[in-house]
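One letter stands for each residue in the lines below.
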Amino acid sequence: MVAAVRTVLGDIPADELGVCDAHDHLFLRTPVLPGQELDDPLVAAARLRAFGGFGGRSVVQWTPYGMGRRADALAELSRSTGTHVVAATGLHQAAHYPPALLDRIRDGLASLFVAELTVGIGSTQVRAGLIKVAGAFHTVDTHARLTMTAAAEAHHRTGAPIAVHLELGTAAQDVLDLLCGTLGVPPHRVILGHLGRSPDGAAQREAARAGAFLAFDGPSRAHHATDWRLPEELAALAGAGFGGQLLLGGDTTVPETPGMPHLLHRLRPRLAEVLGEEAVEEMLIANPARAFAFETPAPSS
């Protein structure tokens, strides 16, 4: 069986992803960031074309349910720019949603996630390719436990990878204890995002030893204070034997985020100088192909 990644235009062999931005957002809408929505297809297309101009081939959008994913627009953008795009199902922290919406979907989360992975998002036929959930600051709160339990069930039913927002880079081990220890998700099917926002080398190594993929995603205005430590963090992890678990992303969350073109145009050469080009290619090509692949046969269309 050939490993496949589920894109918005259908499943593709994982080795066709090419250079991949492993965590970004083309569209994003949340009451937490009023007036800073990402909601313009023309702007999204320009960013994808700029990314492609530096060799980018694939983008994984971590925008989950109820946050303005625009699945239909993602499909059109993928077709028009020639970029592979992976969409997300899942649920973010409770602060991003009206309480009434959470009350309405709370009891059927796993089925919702499975439907979006296997049938389509909303009325579209665009299927999600990963499940996005989120921890809380230094803990797994009640909402996170609910969404992660549903994500684990959806993973077991579909083989989809699970991507986790770590609040300010914290609670990685708590997340892994729940997802992998209690809920039985294999660690290599979990992608931990934002570890670089808490530049704690011991915590990063602990998460790597558990077997999860580690996504180092940025830079942004809010987290620039830790961005400059990225080369040394990646070098330390690669030197400890964890180079095959590292992913890179632009994580565009507001319009002024440097995002995906910056990832290849400015950050990649800097990382290559420290780590070597071969190691950076592994993080951009080989590792995403394994991290985002489904491990069970894709359901028939």
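See the structure above.
Analysis parameters
- Residues numbered from 1 in each chain as written.
- Predicted model: local features only at pLDDT ≥ 70, side-chain atom pairs only at ≥ 80, totals over all residues.
- Heavy atoms only, no water.
- Buried < 20%, exposed > 50% of the residue type's maximum accessible area, 1.4 Å probe, protein only.
- Helix = DSSP H or I, 4+ residues; strand = E, 2+ residues; numbered from the N terminus.
- Arc of directions from axis to C-beta.
- Contact = heavy atoms within 4.5 Å.
- Polar contact = N/O pair within 3.5 Å; in protein donor to acceptor, adjacent residues only side chain to side chain.
- Expected span 1.5 Å × (residues − 1).
- 1 Å grid on protein atoms, 1.4 Å probe; cavity = no way out; pocket = protein on both sides within 12 Å on 5 of 7 lines; lining within 4 Å.
- Points joined across faces, edges and corners; volume = space filled by probe spheres on them.
- Nonpolar A, V, L, I, M, F, W, Y, C, P; charged D, E, K, R; others polar.
- Core = buried A, V, L, I, M, F, W, Y, C linked by side-chain atoms within 4.5 Å.
- Axes fitted to C-alpha atoms, helices over the stretch in contact; angles between N-to-C directions.
- Parallel < 35°, antiparallel > 145°, perpendicular 65-115°, else oblique.
- Left-handed = near helix turned anticlockwise from the far one by under 90°.
- Pairing = 2+ DSSP bridges.

Caption draft 1: The arrangement of helix α7 (residues 201–210) in detail. Among the residues making up α7, those that are buried are Gln204, Ala207 and Ala208. Down the axis of α7, the buried side of the element spans an arc of 100 degrees, and every buried residue falls inside it. Along its buried surface, α7 packs onto α6 (172–182), β9 (190–193), β10 (213–217) and α9 (230–242). For α7, the N-terminal capping position is held by Asp200, with its side-chain oxygen 3.1 Å away from the main-chain nitrogen of Ala202.

Caption draft 2: Helix α1 (residues 41–53), seen in detail. Its 13 residues place the ends of α1 18 Å apart at the C-alpha level, agreeing with the 18 Å of an ideal helix rising 1.5 Å per residue. Burial in α1 covers these residues: Ala44, Ala45, Arg47, Leu48 and Phe51. For α1, the arc enclosing every buried residue in end-on projection is 160 degrees, short of the 170-degree limit, so these residues lie on one face. The outward face of α1, more than 90 degrees from its buried face, is lined by the exposed residues Leu42 and Gly53. Residues of α1 that are buried sit in contact with β3 (20–24), β4 (58–61), α2 (71–81) and α10 (259–275). Taking the backbone nitrogen of Leu42 as reference, a side-chain oxygen 2.9 Å away marks Asp40 as the first, capping residue of α1. One or two residues past the end of α1 sits Gly55, with phi positive at roughly 100 degrees.

Caption draft 3: Representation of the environment of Gly249 in the model. Structurally, Gly249 is set in strand β11 (residues 246–249). Counting along the chain gives 11 residues from Gly249 to Met260, while the straight-line C-alpha distance between them is 7.1 Å.

Caption draft 4: Looking closely at the layout of surface pockets. Its boundaries defined by the atoms lining it, the largest pocket holds a volume of some 440 Å³. Contributing to the lining of the largest pocket are 25 residues, with Leu33, His165, Arg197, His223 and Thr253 lying nearest its centre. Counted by class, the lining of the largest pocket contains eight nonpolar, 11 polar and six charged residues. What lines the second largest pocket is a set of 20 residues, and nearest its centre among them are Asp217, Gly218, Pro219, Asp227 and Leu230. Among the secondary structure elements, those contributing two or more residues to the lining of the second largest pocket are β10, α8 (224–227), α9 and α10. Ranked by residues supplied to the lining of the second largest pocket, first place goes to α10 with four residues.

Caption draft 5: Structural context of the nonpolar core. Grouped together as the largest cluster of nonpolar side chains are 79 residues, with contacts concentrated most on Met148, Val164, Leu179, Leu192, Leu214, Phe216 and Leu234. Those residues within four positions of Leu234 in sequence are excluded, and the remaining contacts are Phe216, Leu246, Leu248, Leu271, Leu275 and Met283. Counting residues in hydrophobic clusters, the runner-up holds 20 residues, among them Ala14, Phe213, Leu247 and Ala291.

Caption draft 6: Representation of unusual backbone geometry. Located in the positive-phi region is Arg70, a residue other than glycine, with phi close to 55 degrees. Relative to the assigned elements, Arg70 resides in the loop between β4 and α2. Overall, the relative accessible area of 31% leaves Arg70 in the partly exposed class. If you check the backbone angles, Asp251 has positive phi at about 45 degrees while not being a glycine. Using a relative accessible area of 3% as the deciding quantity, one classes Asp251 as buried.

Caption draft 7: Structural view of the packing of α9 against α10. Relative orientation of the contacting elements α9 and α10 amounts to 45 degrees, with a least axis distance of 10 Å. Looking at the two axes, α9 sits oblique to α10. Once α9 is placed against α10, the crossing between them reads as right-handed. Here Leu230, Pro231, Leu234 and Ala235 of α9 come into contact with α10, specifically with Leu267, Arg270, Leu271, Val274 and Leu275. Considering only residue class, the contact of α9 with α10 consists of eight nonpolar, no polar and one charged.

Caption draft 8: How the structure looks around the sheet that holds β3. Pairing within the open sheet is parallel, and its three strands lie in the order β3-β4-β5. Either end of the sheet is taken by a strand with one partner, and the two such strands are β3 and β5 (84–86). Across the sheet, the mean angle from the axis of one strand to that of its neighbour is 15 degrees, orientation sign disregarded. Pairing geometry for β4 and β5, over three bridges, is parallel. Paired with Val60 across the two strands is Val86, which belongs to β5.

Distances and angles like these do not, on their own, reveal function.
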